[in-house]
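Structural features, examined
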Amino acid sequence: SSDLYKAIKTMILAKVVGHVVATQKCDELRGSNLLLIVKLDDDQQPMKDQTWVAVDSVGAGMHDIVLAEEYLALNKERYKAMSVVAIVENVFRDA
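All values derive from a computational prediction rather than experimental measurement. (Residues numbered from 1 in each chain as written. Predicted model: local features only at pLDDT ≥ 70, side-chain atom pairs only at ≥ 80, totals over all residues. Heavy atoms only, no water.)

As for the overall build of the chain
Using the following cut-off: Counting from the N terminus, the helices are the DSSP runs of H or I reaching at least four residues and the strands are the DSSP runs of E reaching at least two. For each residue, the accessible area found with a 1.4 Å probe, counting protein chains only, is set against the maximum for its type, and the residue is called buried under 20%, exposed over 50%, and partly exposed in between. The contact criterion used throughout is that any non-hydrogen atoms of two residues lie within 4.5 Å. Using a 1.4 Å probe, the Shrake-Rupley method yields the accessible areas, and only the shown protein chains count as cover for residues.
Across its full length, the chain carries 0 helices and 5 strands. Listed N to C, the secondary structure of the chain is β-β-β-β-β in terms of helices and strands. Put simply, the chain has 95 residues, and 26% of those count as buried. Taking all contacts inside the chain whose residues are at least 6 apart in sequence as the whole, residues at least 24 apart take part in 54%. When the accessible surface of the chain is totalled, it reaches about 6,800 Å², and 50% of it is carbon and sulfur.

Next up, the structure:
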């Protein structure tokens, strides 16, 4: 069925909490900086057990709030690494 080849893409707010050093990387990740990010909840607080490694596409630094593209592929041929795609300055939300 074609459902086996679909992927789910969402955007999440996250905070940079660390860097990942890898001496050997696959071709897709070679030359990339890897960040440790934690997903933020609706109150912009870090969520428990919601930490990932993401490719830094924008030069984010420690403690930056970032927008990350969460890409969940349903098969390994269509896998794509999670990417940090923006550094967030402010979040405005109705009370």
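Once you've had a look at it, read on.
So, the pattern of salt bridges
Heads up, the rule is: Whenever Lys or Arg places a side-chain nitrogen within 4 Å of a carboxyl oxygen from Asp or Glu, that contact is recorded as a salt bridge.
As enumerated under the stated definition, the model contains 1 salt bridge in all. With its nearest N and O atoms 2.4 Å apart, the salt bridge here joins arginine 30 to aspartate 27. As far as the burial class goes, arginine 30 and aspartate 27 line up, both exposed.

Overview of unusual backbone geometry
Non-glycine residue aspartate 49 carries a positive phi angle of around 60 degrees. Along the chain, aspartate 49 falls in strand 3 (residues 46–56).

Things to note about the environment of leucine 40
Position of leucine 40 relative to the elements: it lies in strand 2 (residues 33–40). Here leucine 40 falls in the buried class, since its relative accessible area comes to 8%. Separated by 25 residues in the primary sequence, leucine 40 and isoleucine 65 place their C-alpha atoms 8.9 Å from one another.

Quick notes on the environment of leucine 13
Structurally, leucine 13 is set in strand 1 (residues 7–20). Considered as a pair, leucine 13 and leucine 40 are 27 residues apart in the sequence and their alpha carbons are 5.6 Å apart. When near neighbours in sequence (up to four residues on either side) are disregarded, leucine 13 contacts Val38, Lys39, Leu40, Ile65, Val66, Leu67, Val88 and Val91.

Topic: the side chain of serine 32
Mapping serine 32 onto the fold places it in the loop between strand 1 and strand 2. Sequence-distant contacts of serine 32, that is, excluding residues within four places in its chain, are made with Lys25 and Val55.

Considerations on the nonpolar core
Convention followed: The set of buried Ala, Val, Leu, Ile, Met, Phe, Trp, Tyr and Cys residues whose side-chain atoms join them within 4.5 Å is what this entry labels a nonpolar core.
In this structure, Ile12, Ala14, Val16, Leu35, Ile37, Ala54, Ala60, Val66, Ala68, Met82 and Val84 together form the largest nonpolar core, which totals 11 residues. Every element with two or more residues in this core is listed here: strand 1, strand 2 and strand 4 (65–73). Per-element accounting of this core gives the leading share, 3 residues, to strand 1. Not counting residues up to four positions away in its chain, the partners in contact with isoleucine 37 are Ala14, Lys15, Val16, Val17, Gln50, Thr51, Trp52, Ala54, Val66, Ala68, Met82 and Val84.

Honestly, it's all geometry; don't read function into it.
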